[in-house]
Amino acid sequence: MEKFANLPVIKKVFSFSLDMFDFCETLKSSRKKIFADKIINSTLVAALSIQSAFETEKKSVYVPAIKRAEKEFKNAIYWVKLYEKAAENTAKDELIHNAEELIEFCELELKKYE
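Presented here is a report on the structure given in the accompanying data block. (Residues numbered from 1 in each chain as written. Predicted model: local features only at pLDDT ≥ 70, side-chain atom pairs only at ≥ 80, totals over all residues. Heavy atoms only, no water.)

1. Points about a nonpolar patch on the surface
A contiguous nonpolar surface patch, about 470 Å² in accessible area, is contributed by F14, L18, F21, L44 and L48. Element by element, the count of residues in the nonpolar patch is highest for helix α1 (residues 8-29), at 3 residues. Among the structural elements, L48 can be located in helix α2 (residues 33-54). (Patch = residues over 30% accessible without salt bridge, like charges linked within 9 Å, V, L, I, M, F, W, Y side chains within 5 Å. Areas by Shrake-Rupley, 256 points an atom, 1.4 Å probe, with all protein chains shown as cover. Salt bridge = Lys/Arg side-chain N within 4 Å of Asp/Glu carboxyl O. Helix = DSSP H or I, 4+ residues; strand = E, 2+ residues; numbered from the N terminus.)

2. Looking at helix α4 (residues 93-111)
Each turn of an α-helix holds 3.6 residues, which means side chains three or four residues apart point in the same direction. Compared with an ideal rise of 1.5 Å per residue, which puts 19 residues at 27 Å, α4 spans 27 Å between its outermost C-alpha atoms and is within 8% of the ideal. For α4, the complete set of buried residues consists of L95, I96, N98, A99, L102, I103, F105, C106, E109 and L110. As for α4, its buried residues are in contact with α1, α2 and α3 (59-87). (Expected span 1.5 Å × (residues − 1). Buried < 20%, exposed > 50% of the residue type's maximum accessible area, 1.4 Å probe, protein only. Contact = heavy atoms within 4.5 Å.)

3. Remarks on the state of the cysteines
In the structure shown here, the tally under the stated rule is 0 disulfides. Just so you know, C24 is unpaired, no disulfide at all, and the nearest cysteine sulfur is the one on C106, 19 Å from it. Residue C106 is classed as buried on the basis of its relative accessible area of 0%. (Disulfide = S-S within 2.5 Å.)

4. Observations concerning the nonpolar core
Core analysis: the largest hydrophobic core is formed by 36 residues, its most contacted members being I39, I50, I66, F73 and F105. Sorting the residues of this core by element identifies α1, α2, α3 and α4 as the ones contributing at least two each. Looking at this core, the element that brings in the most residues is α3, giving 11 residues. Those residues in contact with I39, other than ones at most four positions away along the chain, are M20, F23, C24, L27, A76, W79 and V80. (Core = buried A, V, L, I, M, F, W, Y, C linked by side-chain atoms within 4.5 Å.)

5. Remarks on the packing of aromatic side chains
Scanning the entire structure with this criterion turns up 8 aromatic pairs. A ring pair is formed by F35 and Y83, whose centres lie 5.6 Å apart and whose planes are at 70 degrees; its orientation type is edge-to-face. Separated by 48 residues along the polypeptide, F35 in helix α2 and Y83 in helix α3 bring together distant segments of the chain. By the burial criterion, F35 is buried, and Y83 matches it. (Phe/Tyr/Trp six-rings, centres within 6.5 Å; stacked < 30°, edge-to-face > 60°.)

6. With respect to the pattern of salt bridges
Side chains that differ in charge, positive against negative, can pair when their charged atoms come close. Scanning the model with the defined rule gives 6 salt bridges in all. E101 is the partner of K12 in a salt bridge, and the nearest nitrogen-oxygen pair spans 2.6 Å. Pair noted here: K12 is in helix α1 and E101 is in helix α4, with a separation of 89 residues, a long-range link. Using a relative accessible area of 27% as the deciding quantity, one classes K12 as partly exposed. Its relative accessible area of 32% is what places E101 among the partly exposed residues. With a shortest N-O distance of 2.8 Å, K112 and E109 are connected by a salt bridge. Taking relative accessible area as the criterion, E109 reaches 11% and is therefore assigned buried. A single salt-bridge network, built from bridges that share partners, covers R68, K71 and E72.

Here you go:
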């Protein structure tokens, strides 16, 4: 993974993950642990899927890993929006925006293999 650490998408995933951890700490302290658990799970799976994708040279591993990452970034957005609706709070627009950018990356990568 070290050889990919400076790629913009890897930096963005790392930064996004840290931002989501901070957000989830806030949720846990406000007794919204169920949302925090779901958001963190999706974030971690997405980040690990991106990592797996960049650690392989096989298309048969890369494409499913990017698809999984895309799915999990979408799940993270779903849980943040659900929390917003349940708590009647303003969603973390920046978190949602960053996840949407990462979804776009996944979609562009998948188009290369269609």
